[in-house]
Amino acid sequence: MDSQADFDVNEAIKNYDSDPSEIATPDASRELQDFEHEPERLGEELALLNAELNPIVDAIADSPEAITRSANFDTLQFLLKFSAHIPAATLGKVLDLVGSALATQVDVVHADIQAQDQDALKLHKTLLEMYGFLLRWTISAVESREAQEKPTASAPAARGRAKGAKSKTAKDGVWDASAQLEAALDRISKVLRLELSRIFVTTSERDTFIGLLTKPVYHILENSEKTGRIKNTAIRNHSFRVLAMAVRNHGHAYNAQISITQALFFYSHLSEAMAELLHIVAREYNYPQLTEEVLREVSDKEFSSTDKKGPTSVSAFLVRISELLPEVVMKQMTSLAKLVDNESYTLRMAMIDVCGQMVIMISKQTDDDQRSEVAKPKMDPFLDELEKRFLDINPYCRARVMQVYVKLCDLDTRLSKRRKKAAKYAAQSLMDKSSNVRRNAIKLISRLVETHPFADDGGLLSKEKTERELDDIDARINALVPPEPEKPASGEQTLDESMLQDATQVEGAAPEQPKRPEEMTEEEKIAVMKKLAYAQELEQLQTRRKYYNEKFRFIEVVDDAADDVIQLLSAKNKSEVIEAMDFFVKISAYKIPNARNGIRRMLRLIWTKGNSDEGKGVQTHLIECYKDLFFVANPLFDRDHSDDYIMHNMITLTYGTTPAELTSLEQLLSMMMKQGMIKETVIQKLWATYAYQKKAISRTMRRGAIIVLGMLALAKPEIIVNEMELCLRIGLGELGRRDLSLARYTCIALRRISPPPGKQSDPSSPAQVAKLPNDHAVLVKLAAICEIVSDDKEWFGVAEQAISAIYVLSKHPDVLCSEILRRKIKHVFAPQAPSRPTSSGSGAGEAMEVDAPITPPPDEASQAKKQNPALALSQLLFIVGHVAIKQIVHLELCELEFKRRKAEKGTKRAPNPRKSLAAENPSPVKKGRKKSSAKDQAPAAEEVDELELMAGPSEDDITDHIAAIRERELLYGPESLLANFGPLVRDICFNSTSYNHPTLLSQAALCLAKLMCVSSEYCEKNLELLLTMMERSKDPVVRSNLVIALADMAVCFNHLIDENESHLYRRLNDGDPSVKRTCLMTLTFLILAGQVKVKSELAKMAKCMEDSDDKIKDMARMFFTELATKDNAIYNQFIDMFSTLSADTGLDEDAFKKIIKTLAGYIEKDKHAKVLSKKLADRLPRADSEKEWNDIAFTLGQLQHKDEEITKLVSEGFKVVQASA
């Protein structure tokens, strides 16, 4: 018979913990012992290993007691000792063997315990210890081996790709022991169900045995960062059940507490797992004491300042345990309170979450009747702490407290006062330095609005309506007076008696007891009832007033916060911008007054650069927001009502908009049109609104319809082409003459028939644009609208758009505009002619056939009315100036067309000329000259010949020829119409006292500026006059126009304007904000487009960042943000800007610091900061005044130079200045 193994569990554990490879196995198989010094060869001896292991398996299968044989036991120990070298199949076989033998032994033990066989129990003790020891060793060996075989498992797990790693492992054929481990853990649970106190009598024996069963479980959990076991639900649940049973039934609580706290401090991946374990122990096994002990130990732990892992792990644990066991955490809040002010911000964040969970728990524990009385005192400490955290020094904590408040908004408990405070704190946080804090503040305010407690008026938050309700309640309270009791007939006598009775009362007498109802008379009962009714009504009114006061204050907080959110629409962080857009969409549903301003401000985001996914995301989100707001009708509406709703919304978008907003809206609607978001039926509704004449319709509705149609036509010109006749009949007919704004927008819409260069929807294929002959109905109407007699200032806008449309649509726009000019000259200088101005030459009547219902001409009396001569001359000068500018553009387009034809001819491609130039003007020279209509209309064959001749020379020759036309022919040609106006305009501008009509002077200045853009010679002659007018004119409109004109001249004739750019910068100090805005916008364009070099005057633009006008501030900041993207522009000019700003005595010190702080923020490169710091530091010893020194020192503080010498110099310099002072 084989010898029995001499097994001492304590000795075995000691040797194993010391070094498993040193455990002696003298009775192991001799064949195996030959490999003891070369264990790596075991991996190739699978057959030998099976031959040695199979008899042991058979023996133990027959009787679990076979493990007590020393040969069997030592052989298994030998295999485990070299588990890293034996094949995986062999190790798995050992695990199955030990686990199944243990399960069999448990069944035997359970039967003997039931039979109360004490002698057998002693033998069972040894067997359980041996199998427990082998199982611990085997599971640890399996875990260590798998961690080595999957060294990269931790990396995918950390990145959230553990599943992918696992599937790859299985595919590659690497051993996965998950199923065997699950079975082993289940068998351990089976052991723990035994009444082990009957077998292990002493506590130390029981703890030792329980340790054999629990330590492999801890090993599995700790090793799961590499193996990923914790993500296996079955293994995690079995592990938790083993530990919970050991704690609940076998006195493992203290050891579990130590193991759990160590896991929290050293294994960050187990934070939430330990919380779930404690939850199972407390809930399913009714042992919350373990959680309490762990929380107490955690709260007493002090972390070093360099330890980042520990606080992070504990924080995750605290957050999770407060969600799972809030009532247990509540009992330990006294201990945990010391973590609230911990130096680690992660622990403070965790305590913020814990406080939030406590409030949620208290709210759920109390019913509706108890909430106000019981819940409030319990919640107050936690809510007080949360409010303090709004001012935490760390931005992550400030953001977290708002995230917690977002959760609290969903509670049934009404926290009216707390909600009001939270709204105020969130509104203040909108100005936080951290983008994350600002974004969460927006979310919190949105959630407070969505969950507000004011249920009247359908939950809407109308400020105006709430004010009316308050005024009404105040009026009712003031009108409410207590009812006076009715006086009896002998009122005077009764009054005297009562006064006598009151006067003769004995001091100290008992007060008169109130009468009981049965003792009262009917009159007394009525008086009492009236008093009660009065008191009741007064109480109700006061309650309502309190309610509406709270509602009004809440609306004010949200409305004021919306102003700050509007500013965040310009934030650099795109996610913050998207959050701000969602905010305005939400509050608009509740009728917050400022929502409309925010929604309009959102429009400018359509220009967000789409180079990155973020930029495209902003544009896409903006379109979705506008679609949800204005293009999604109530599902209950039928199709017709839905189209009406959308059409009405589109029109209202145009109400009260600025030109910039209209431009942005145009881009938005055209993009939506391209994406197919606007239905054809809605377009038909817009046309119906535009053409409606049966009943009175507001002018704004009709204007809005054609504005929107013109915007949509930018993406689809067919919208206007198909309804051209309607435009002529309505917008350019009698309705348009009565409403010149309608005519102007109709002209803009007609321009969409031919998309301008660069605006085609598909740049790859040039659009085939059909130009119209001058006798076409559209051009006839456009010409006629320019010649109407009107003193309305709207006429200038109509004429501008009509002439622009003529140049876009006409084959020969210069011919048609020559006719318009001639007729206008005749009208101005020969006003006695009664004939109605016509818009075309011969053939006009035939062209007008398209316009079916022709408006009858006005009678002679109305046509013969006299126009103000100054206004008539103003209108003439306006046409002259605008035609001059448009003629320049027309010449440039002709030049491009000539070059295109030359390129086509050079590549010998089939000629595919644009219809727009199929019958071009006779020659470029003739285009520039304003000749008579008869001379200008040359034969078509001659036109083609001259074009062919033009296509012959080189491109440089063409460019020179066009430039010569522009320079010499337009304003100095012998037959040019424009040549006659150059001296006239100069004379009017020069003699402003003689021509003292404001409109005339304004239009003359504008005309002069436009003519100066045509010819450099004319520009040079009149530049001094223009600069004088820009300086001395009292009209801000004139100054603004001349600023823009000077910028245009800087583009056209840079050599002439370069010396006079200082005049342009000087307008930044203009007394009128509109002129400053115009100048700043103009300089922004010129500098960013590279048309003007950045000079020392840049400091004047920097001063605009602290202007009193918010629009100027925003524009200046936007300019410097864009300038910072250019090549070191701000870095190159920083010293000059600093010097100018520092020497400016009119600049406030606070404003100086804010400007410098903003500019320094754009210096991002360390080497630039060091260079600038060195240059500024060199100035410190030469500072003439304390102010100058302070400015330099402040600027050095803003630059991230990290130079100890400079820091020391600043410190010493400050002392020197103090001493000299």
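Residues numbered from 1 in each chain as written. Predicted model: local features only at pLDDT ≥ 70, side-chain atom pairs only at ≥ 80, totals over all residues. Heavy atoms only, no water.

With an unreviewed UniProt entry as reference, the protein is termed Condensin complex subunit 1, source organism Karstenula rhodostoma CBS 690.94. Under the heading Sequence similarities (unreviewed entry), UniProt records this for the protein: "Belongs to the CND1 (condensin subunit 1) family." (UniProt positions renumbered as here; feature names shortened; annotations may be inferred.)

Our focus in this paragraph is the overall build of the protein. Assigned secondary structure in the protein consists of 61 helices and zero strands. Across the 1221 residues that make up the protein, the buried fraction comes to 50%. Residue pairs at least 24 apart in sequence account for 75% of intrachain contacts in the protein once pairs closer than 6 positions are excluded. Carbon and sulfur atoms make up 51% of the accessible area of the protein, which amounts to about 60100 Å² in all. (Helix = DSSP H or I, 4+ residues; strand = E, 2+ residues; numbered from the N terminus. Buried < 20%, exposed > 50% of the residue type's maximum accessible area, 1.4 Å probe, protein only. Contact = heavy atoms within 4.5 Å. Areas by Shrake-Rupley, 256 points an atom, 1.4 Å probe, with all protein chains shown as cover.)

Next up on the list: the environment of T312. Locating T312 in the fold gives a position in helix 16 (residues 309-324). As for T312 and S271, which are separated by 41 residues in sequence, their C-alpha atoms are 9.0 Å apart. One polar contact links the side chain of T312 to the main-chain carbonyl oxygen of K308, over a distance of 2.7 Å. (Polar contact = N/O pair within 3.5 Å; in protein donor to acceptor, adjacent residues only side chain to side chain.)

Glancing now at the packing of helix 5 (residues 88-115) against helix 6 (residues 118-149). Two elements in contact, helix 5 and helix 6, have axes separated by 9 Å at closest approach and are oriented at 155°. Classified by the angle between their axes, helix 5 and helix 6 sit roughly antiparallel to one another. Crossing handedness for the pair helix 5 and helix 6: left-handed. When the residues that make up the contact of helix 5 with helix 6 are grouped by side-chain class, the tally is 20 nonpolar, three polar and two charged. (Axes fitted to C-alpha atoms, helices over the stretch in contact; angles between N-to-C directions. Parallel < 35°, antiparallel > 145°, perpendicular 65-115°, else oblique. Left-handed = near helix turned anticlockwise from the far one by under 90°. Nonpolar A, V, L, I, M, F, W, Y, C, P; charged D, E, K, R; others polar.)

Mapped onto the elements, S664 comes out in helix 31 (residues 659-674). Looking at S664, the relative accessible area reads 5%, which means it is buried. Within polar-contact distance, the side chain of S664 engages the side chain of W607 at 2.9 Å. Sequence-distant contacts of S664, that is, excluding residues within four places in its chain, are made with L603, R604, I606 and W607.

Once that is clear, we can look at the pattern of salt bridges. Pairs may arise between side chains of opposite charge once their charged atoms sit close together. A full pass over the atoms with the stated rule returns 64 salt bridges. R296 is the partner of E293 in a salt bridge, and the nearest nitrogen-oxygen pair spans 2.4 Å. Note that E293 and R296 are positioned in helix 15 (residues 289-300) at a spacing of three residues, about one turn of the helix. Classification of E293 by relative accessible area gives partly exposed; the value is 31%. Here E450 and K586 are joined by a salt bridge, their closest N and O atoms 3.9 Å apart. (Salt bridge = Lys/Arg side-chain N within 4 Å of Asp/Glu carboxyl O.)

Averaged over all residues, the pLDDT of the protein is 83; the fraction at 70 or higher stands at 83%. Of the regions scoring below 50 in pLDDT, residues 487-510 engages in one contact with residues more than four places distant in sequence or in other chains. (pLDDT = per-residue confidence, 0-100.)

Turning our attention to the side chain of S224. Residue placement: S224 occurs in helix 11 (residues 224-227). The class for S224 is buried, based on a relative accessible area of 4%. Residues within four places of S224 in sequence aside, it is in contact with R229, I230, H269 and L270.

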